[in-house]
Amino acid sequence: MNKIVEFILDLIYPPKCAFCRKLIGTGHEGLCPECTEKLPRLSGTDAKSLLEDGTLCYSALRYDQMVRDSFLRYKFYGSVSYADTYSRLMAECLKETAAGIDIVTWVPLSRKRKRKRGYDQAELLANGTSLLLGLDCKGILYKNKETKAQSLTKSRNERKSNIKGAYTLRKEADIKGKKIIIVDDIITTGATLSECCAVLKKAGAASVTAATFAKAAR
Ligand SMILES: [Zn+2]
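What counts and how
- Just so you know, the residues in each chain are numbered from 1, in the order the chain's sequence is written.
- The model is predicted, so local features are restricted to residues of pLDDT at least 70 and side-chain atom pairs to those at 80 or more, both for listing and for counting; the totals for chains, interfaces and linings are taken over all residues.
- Source of the domain bounds: an automatic or database domain assignment.
- Contacts are defined on C-beta atoms placed from the backbone: any two residues whose C-beta positions lie within 7 Å are in contact.
- Each residue gets one label: Ala, Val, Leu, Ile, Met, Phe, Trp, Tyr, Cys and Pro are nonpolar, Asp, Glu, Lys and Arg are charged, and the others, such as Gly, are polar.
- Secondary structure is summarised from DSSP: a helix means a run of H or I of at least four residues, a strand means a run of E of at least two, and numbering begins at the N terminus for each.
- Expected helix span is given by 1.5 Å per residue-to-residue step, counting one fewer step than there are residues.
- Here the C-beta atoms are placed from the backbone, and a residue counts as buried if at least 20 other C-beta atoms lie within 10 Å of its own, exposed if 12 or fewer do, and partly exposed otherwise.
- Taking the helix axis as origin, the arc is that swept by the directions to the C-beta atoms.
- Whether two strands pair comes down to DSSP finding at least two bridges between them.
- Here the axes come from fitting lines to C-alpha atoms, over the contacting stretch only for helices, and the angles between their N-to-C directions go from 0 to 180 degrees.
- Put simply, a nonpolar core is buried Ala, Val, Leu, Ile, Met, Phe, Trp, Tyr and Cys residues tied into one set by C-beta atoms within 7 Å.
- Every angle not falling under 35 degrees, over 145, or within 65 to 115 is termed oblique; those three ranges are roughly parallel, roughly antiparallel and roughly perpendicular.
- Each crossing is labelled by how the near helix is turned from the far one, with a counterclockwise turn of less than a right angle marking it left-handed and a clockwise turn marking it right-handed.

Right, let's talk about the domain arrangement of the chain for a bit. Looking at the assigned domains, one finds that the chain contains domain 1 (9-38) and domain 2 (40-215). The straight-line distance from the C-alpha centre of domain 1 to that of domain 2 is 25 Å. Listed by partner, the interface residues are 5 residues for domain 1 and 7 residues for domain 2. A class-by-class count of the residues in the side of domain 1 that touches domain 2 yields 3 nonpolar, 1 polar and 1 charged.

Here it is as structure tokens:
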């Protein structure tokens, strides 16, 4: 961006930390020094979850209170600029996993939900992360039915049946032999991601890896 435009934008919208919302100078990439220290980053086996369909999922952060507060502003209150900060954390977490990957994609919202919200929060993360990793980002799936929020389901079986068949391959998607990373925002039980990964594998993907911004306690 033009330096002058950037300067003026900073005056109108002073950059704030995506987590604690303190004012920060430019060049901090949306993260203040205190939060950089404090963020509940995950690494090693803590960062990994095994999905029911056998796919490995990597998560950048633990979904604790500071992450949750920030994330809800991002998902429901239009703080879309957080996608850059979140993507940086995700790219950091995925840098070793990204070798040899052909496509980064995401768990999509239904068309109706996306229209209502104005953006798809997982798509923004997939875009940002792929850009930082130097990978292609493509939409592969679409959501063909409105489902109840997974958080409102009561049992594992209900979660599974709620999401069953909700995602379909886009007509133009050809993923035979491709190595794919699929991005979602938060992993809780992993039922949604597992369903999507199964669709990708069935369509002939050579390998599927899942990645989320944060991991909630099950
Ligand atoms: Zn902060």
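A positive phi is found at Arg 21, a non-glycine position, where the angle reads about 65 degrees. Looking at the secondary structure, you find Arg 21 in the loop between helix H1 (3-12) and helix H2 (33-38).

Moving on to helix H3 (residues 65-76). Spanning 12 residues, H3 covers 16 Å between terminal C-alpha atoms, matching the ideal 16 Å at 1.5 Å per step. Along H3, the residues that are buried comprise Val 67, Ser 70, Phe 71 and Tyr 74. Down the axis of H3, the buried set is contained in an arc of 100 degrees. They therefore lie on one face. Exposed and oriented more than 90 degrees from the buried face of H3 are Gln 65, Asp 69, Leu 72 and Phe 76. On its buried face, H3 sits against strand E2 (56-62), helix H4 (82-94), helix H6 (121-133), strand E7 (179-187) and strand E8 (207-215). At the exit of H3 stands Gly 78, carrying a positive phi of roughly 75 degrees.

Hydrogen bonds between backbone groups are what pair the strands of a sheet, and the pairing can be parallel or antiparallel. Here 6 strands make up an open sheet; going across it, the order is E1-E2-E8-E7-E3-E4 and the pairing mixed. Looking at the sheet topology across the chains shown, the edges are occupied by strand E1 (48-50) and strand E4 (136-137). Bridge count between E1 and E2: 3 bridges; the pairing is antiparallel. Bridge assignment links Ser 49 to a residue of E2, and that residue is Cys 57. Contacts from helix H8 (residues 191-202) reach E2, E7 and E8 within the one sheet, and its direction differs from that of E7 by about 165 degrees.

Turning next to the environment of Arg 73. One can find Arg 73 in helix H3. Along the chain, Arg 73 and Ala 18 lie 55 residues apart, while their C-alpha atoms are 9.1 Å from each other.

On to the nonpolar core, then. Grouped together as the largest cluster of nonpolar side chains are 55 residues, with contacts concentrated most on Met 90, Leu 125, Ile 182 and Leu 200. Secondary structure elements with two or more residues in this core: E2, H3, H4, strand E3 (103-106), H6, E7, H8 and E8. Take this core: its biggest share by element is 8 residues, from H4. Split by domain, the residues of this core number at least three in each of domain 1 (9-38) and domain 2 (40-215). Beyond its immediate sequence surroundings of up to four residues, Ile 182 is in contact with Thr 105, Trp 106, Val 107, Leu 193, Cys 196, Cys 197, Leu 200, Val 208 and Ala 210.

Attention now moves to the packing of helix H7 (residues 156-163) against H8. Interaxial distance between H7 and H8 falls to 9 Å at its minimum, and their mutual angle equals 45 degrees. Compared by their axis directions, H7 and H8 come out oblique. When you trace H7 past H8, the crossing you get is right-handed. Along the contact surface, H7 presents Arg 159, Lys 160 and Ile 163, while H8 presents Ala 191, Thr 192 and Glu 195. Tallied by class, residues from the contact of H7 with H8 come to 2 nonpolar, 1 polar and 3 charged.

Our next topic: the packing of H4 against H6. Two elements in contact, H4 and H6, have axes whose closest approach is 8 Å; the angle formed by their N-to-C orientations is 55 degrees. One finds that H4 runs oblique with respect to H6. Where H4 crosses over H6, the two elements pack in a sense that is right-handed. Here Ala 83, Asp 84, Tyr 86, Ser 87, Arg 88, Met 90, Ala 91 and Leu 94 of H4 come into contact with H6, specifically with Leu 124, Leu 125, Gly 128, Thr 129, Leu 132 and Leu 133. In terms of residue class, the contact of H4 with H6 is built from 9 nonpolar, 3 polar and 2 charged.

Between its terminal C-alpha atoms H8 stretches 17 Å, which fits the 16 Å expected from 12 residues at 1.5 Å a residue. Within H8, 9 of the 12 residues are buried, which leaves it mostly tucked inside the rest of the structure. All of the buried residues in H8 are Ala 191, Thr 192, Leu 193, Ser 194, Glu 195, Cys 196, Cys 197, Val 199 and Leu 200. Looking at the buried positions of H8, the neighbouring elements they touch are E2, strand E5 (141-143), H7, strand E6 (167-169), E7 and E8. Positive backbone phi, at 100 degrees, marks Gly 204, one or two positions downstream of H8.

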